[in-house]
Amino acid sequence: MLFDLQRFFSMGASPTEKRFTADLSARDFCGAHVPAPIEAVFTAERQEDEVWLHLTANAEVCGVCARCLDPVVRQQAVDAEWTVKKKDLEDPDFELPRDEKGQLDVEEWLYQELLFQIPTVLLCSTDCQGLCPVCGKKRQECSCQKAATSTSADARLSILKTLLN
Ligand SMILES: [Zn+2]
Ligand SMILES: [Zn+2]
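Summarised in this report is the structure supplied together with it.

How each quantity is defined
Residues numbered from 1 in each chain as written. Chains lettered and ligands numbered in written order. Predicted model: local features only at pLDDT ≥ 70, side-chain atom pairs only at ≥ 80, totals over all residues. Heavy atoms only, no water. Core = buried A, V, L, I, M, F, W, Y, C linked by side-chain atoms within 4.5 Å. Buried < 20%, exposed > 50% of the residue type's maximum accessible area, 1.4 Å probe, protein only. Helix = DSSP H or I, 4+ residues; strand = E, 2+ residues; numbered from the N terminus.

On to the nonpolar core. Among the nonpolar cores identified, the biggest contains 34 residues, and Phe3, Phe42, Leu53 and Leu110 are the most heavily contacted of them. Those elements that place two or more of their residues in this core are α1 (5-11), β2 (16-22), β3 (38-47), β4 (50-64), β5 (71-85) and α2 (106-117). Element by element, the count of residues in this core is highest for β4, at six residues.

Its identity as a non-glycine residue notwithstanding, Glu48 has a phi of 55°, on the positive side. Considering the arrangement of structural elements, one finds Glu48 in the loop between β3 and β4. The exposed category is assigned to Glu48, whose relative accessible area is 74%. You will see that Leu69, though not glycine, has its phi angle at about 70°, which is positive. Relative to the helices and strands, Leu69 is located in the loop between β4 and β5.

Structure (structure tokens):
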């Protein structure tokens, strides 16, 4: 979705609210993806010589756990606002994405906000213990650690036995 900021500065007397659906399924979010279309709401409101922009959305982010590689699905909310002054439109370093005609690329803004919000390290749960280096299964499911513990207990026992002898 494109929004003509220049035009809104000169003619936008009343606030604008646009609901749109963004398809960012082909975009990469540091390895995570958003396969389903995102419902978003974009608002623009002129306040004297400034325009206040507001963008909200909810996305279902799909990735893999950084520790155990299980699939992770999490809801990610976006709630971003920006105040633009008219002179900002002439600024080559203006931080919001615009097309070659200077129109605000709202979908690209949504992508950037999401990219910023989604954690670079996704976890299936905060206490995920990852994979066992011995058997490659999830640590919670494998028995290597228990085996290792019992072996060391046996070792201690055998020292005791030696001492007793
Ligand atoms: Zn995990
Ligand atoms: Zn194991």
